[in-house]
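# Tertiary structure, described
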Amino acid sequence: MRLGKAIALAAAVVLGAGACASAGVIPDNEIVIGLDEDSTGPGASYSTIAGKTVRLSVDLINQAGGINGKPVRLVVENDESSPTKTPSIIRKLVDQGASAVILATGSGSVLQAKSILEQSKIPAIAPVVLSDAFASPPGNDYSFMIPNSLKQYAEVYCGAFEKLGYRSLGILGDASASIDGIIKTLRPALEKCATVTAVEKAPVDAADLTAQVSRLAETKPDAILVASIGGHFEILVHNTLSKIVPETQRFSLASIGNQPASWALADPKALSGMVYMGSLSADNARTAELTEKVRAVKGADYQLTAYDAQSYDAVMMLAKAIEIAGDHQDRTAVRDALQQVSGLPSSFGQDDLTLSFSPGDHLAPDSLCGLVLIEFGDDNKPAHPWDSYQPPCG
């Protein structure tokens, strides 16, 4: 028995050493892509949408023969949009042999990922994050973004405010780490065109927002911007605003427009007239093509979201980079190749939008054409592009 135990222990030590030696080794016969998907935390309402489309995109690539003739395998971890957990999640994906990472998680987590991406020298693409800081210096050598940035959001909002004569703005947001970062980025940019009369916040799981909305209403803003991760909180905001300040123009971020399941939770006409920052245009033929691909998997009635389109484009840009690099085992070569991907026709935004990366620009959209202001109708569904103002494409 003692000899048997000694042999078993020796075998365990050998196996353990072998496992440590192989940790982080990138396989030659397949391409591993890591996915950090918040499937249980505060960002799950949008991260899971993105994650499903990342899986679909990988399946489509494999059906077409893979990348450079090699199959793609997706490995998935969940940081729950917790910035303290993100570094360990990145390390886990690296240890599983990922050549690159897709970050479908909250803004706070994505920002926390920057330093560990630099240390691990692994490129990452964020398909849904809006924070300019992720793709901007310092420490952005391995950080790339797909959507238009928050500063570009502010540019569009300001264009609308100036055209309509809005000079003051109230902001109502949830108290999540992601939205806190978004407000800190948006507010200074918005104050270049409008005075922020007040910023009210409440927990994501708040059951009543009457006090916050009433305080905001007392400041008499020309317009109100709702900043939230969506879901129950956003609907509660609009239900309350529609009762207390029904005549005040409301704006929102992208979340509500990309969460069709939430619309039915709104009170009758509570979303009517609200304008959100959309990223999908009926005039983009590639959006229609992607809709058919996604519906083949998610069902004929599936409502395509910007999260779907941006996640699909993230995978396609990464696939193009790996094809250019020719060596998926060299993560820095994959990063360098990402900086060569240029002029890729986009699946979101207006029809002439293209996506590019370069050494000096890790933000994909080549113009403001990735943004479309969309107005909700009386049926609490997105109705049409807002007639009052649209972002220029120049």
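This paragraph deals with the overall build of the protein chain. If you tally the helices and strands in the protein chain, you get 13 helices and 14 strands. For a compact globule of 394 residues, the expected C-alpha radius of gyration is about 21 Å, and the protein chain comes in at 22 Å, within 12% of that figure. By its C-alpha atoms, the protein chain is 80 × 50 × 45 Å across when sized along the principal axes. Taking contacts inside the protein chain between residues at least 6 apart in sequence as the whole, the part at least 24 apart equals 67%. Accessible surface computed for the protein chain: about 15900 Å², of which carbon and sulfur atoms make up 53%. Looking at charge distribution, the protein chain has the averaged site of its 31 positive side-chain charges lying 6 Å from that of its 44 negative ones.

Inspection of helix α3 (residues 86–95) places Thr86, Pro87, Ile89, Ile90, Leu93 and Val94 among the buried residues, and these make up the whole buried set. Around the axis of α3, the buried residues are gathered within 160° of arc, so they sit on the same side. If you follow the buried residues of α3, they end up packed against β1 (31–37), β2 (72–77), β3 (100–104), α4 (107–120) and α13 (331–338). Looking one or two residues past α3, Gly97 carries a phi angle of roughly 90°, positive in sign.

With the rule as written, the count across this model stands at 11 aromatic pairs. Judged by centre distance (5.8 Å) and plane angle (45°), the rings of Tyr46 and Tyr307 are tilted. Of the two residues, Tyr46 is situated in helix α2 (residues 44–63) and Tyr307 in helix α12 (residues 306–325); the sequence distance between them amounts to 261 residues. Across this residue pair, the class does not change: Tyr46 and Tyr307 are buried. Geometrically, the ring pair formed by Phe144 and Phe357 is edge-to-face, given 4.9 Å between the ring centres and 65° between the ring planes.

With that settled, consider the nonpolar core. Side chains that are nonpolar tend, in soluble globular proteins, to be buried together. Core analysis: the largest hydrophobic core is formed by 78 residues, its most contacted members being Tyr153, Tyr157, Phe161, Leu186, Leu190 and Phe251. No other element matches the 10 residues that α12 contributes to this core. Setting aside residues no more than four positions away along its own chain, Phe161 makes contact with Tyr166, Leu169, Leu190, Cys193, Ala194 and Phe251. Residues Val32, Ile89, Val129 and Ala135 belong to the second largest nonpolar core, which totals 22 residues.

On to the environment of Ile90, then. The residue Ile90 is located in helix α3 in this model. What makes Ile90 buried here is its relative accessible area of 0%. In contact with Ile90, not counting residues within four places along its chain, are Val101, Leu103, Ala113, Ile116, Leu117 and Ile122.

Strand order in this open sheet of five strands is β2-β1-β3-β4-β5, and the pairing throughout is parallel. Either end of the sheet is taken by a strand with one partner, and the two such strands are β2 and β5 (143–145). The sheet shows a mean angle of 25° between the axes of neighbouring strands, taken without regard to direction. For β3 and strand β4 (residues 124–126), the ladder comprises two bridges, and the chain directions are parallel. Across the sheet, the residue bridging to Ile102 is Ile125, located in β4. The strands touched by α4 are β3, β4 and β5; relative to β3, the strand with the most contacts, the crossing angle is about 165°.

Among the secondary structure elements, Ser311 is positioned in helix α12. Note on Ser311: relative accessible area 0%, which makes it buried. Setting aside anything within four residues of it in sequence, one finds Ser311 in contact with Ala50, Thr53, Val54 and Pro127.

Here we come to α4. Each α-helix winds once per 3.6 residues, and so residues spaced three or four apart point in a common direction. With 14 residues, α4 ought to run about 20 Å at 1.5 Å a step, and its terminal C-alpha atoms sit 20 Å apart, in line with that. The axis of α4 is deflected most strongly, by about 35°, at Lys114. When α4 is considered as a whole, its buried residues turn out to be Ser107, Gly108, Ser109, Val110, Ala113, Lys114, Ile116 and Leu117. The secondary structure elements touched by the buried residues of α4 are α3, β3, β4, α5 (132–135), β5 and α7 (177–190).

Across all of its chains, the model carries 13 salt bridges by this definition. Asp267 is the salt-bridge partner of Lys243, the closest N and O atoms lying 2.6 Å from each other. In this pair, Lys243 sits in helix α9 (residues 231–244) while Asp267 sits in the loop between α10 (260–263) and β10 (275–278), placing the two residues 24 residues apart along the sequence. The exposed category is assigned to Lys243, whose relative accessible area is 58%. Through salt bridges with shared partners, a single ionic network connects Asp180, Lys184 and Lys201.

This paragraph deals with the state of the cysteines. Considering all chains together, one arrives at one disulfide under this definition. In this model, Cys158 is linked to Cys193 through a disulfide, with the two sulfur atoms separated by 2.1 Å. The disulfide joining Cys158 to Cys193 has a torsion of about -75° about its S-S bond and is therefore left-handed. Highlighted residues: Cys158 in helix α6 (residues 150–164) and Cys193 in the loop between α7 and β7 (195–202), separated in sequence by 35 residues. By relative accessible area, Cys158 is classed as buried at 9%.

Let us look at the packing of α2 against α12. Packing of α2 against α12 leaves a shortest axis separation of 8 Å and a crossing angle of 40°. Considered as vectors, α2 and α12 are oriented oblique to each other. Both α2 and α12 take part in a crossing whose hand is right-handed. Residues Tyr46, Ile49, Ala50, Thr53, Val54, Ser57, Val58, Leu60 and Ile61 of α2 pack against Tyr307, Asp308, Ser311, Tyr312, Val315, Met316 and Ala319 of α12. Across the contact of α2 with α12, the residue classes break down as 12 nonpolar, three polar and one charged.

Definitions and limits used
Residues numbered from 1 in each chain as written. Predicted model: local features only at pLDDT ≥ 70, side-chain atom pairs only at ≥ 80, totals over all residues. Heavy atoms only, no water. Helix = DSSP H or I, 4+ residues; strand = E, 2+ residues; numbered from the N terminus. Rg over C-alpha atoms; globule rule 2.2 N^0.38 Å. Contact = heavy atoms within 4.5 Å. Areas by Shrake-Rupley, 256 points an atom, 1.4 Å probe, with all protein chains shown as cover. Lys, Arg positive; Asp, Glu negative; His and termini not counted. Charge placed at Lys NZ, Arg CZ, Asp CG, Glu CD. Buried < 20%, exposed > 50% of the residue type's maximum accessible area, 1.4 Å probe, protein only. Arc of directions from axis to C-beta. Phe/Tyr/Trp six-rings, centres within 6.5 Å; stacked < 30°, edge-to-face > 60°. Core = buried A, V, L, I, M, F, W, Y, C linked by side-chain atoms within 4.5 Å. Pairing = 2+ DSSP bridges. Axes fitted to C-alpha atoms, helices over the stretch in contact; angles between N-to-C directions. Expected span 1.5 Å × (residues − 1). Bend = angle between axes of the 7 residues up to and from the residue. Salt bridge = Lys/Arg side-chain N within 4 Å of Asp/Glu carboxyl O. Disulfide = S-S within 2.5 Å. Parallel < 35°, antiparallel > 145°, perpendicular 65-115°, else oblique. Left-handed = near helix turned anticlockwise from the far one by under 90°. Nonpolar A, V, L, I, M, F, W, Y, C, P; charged D, E, K, R; others polar.

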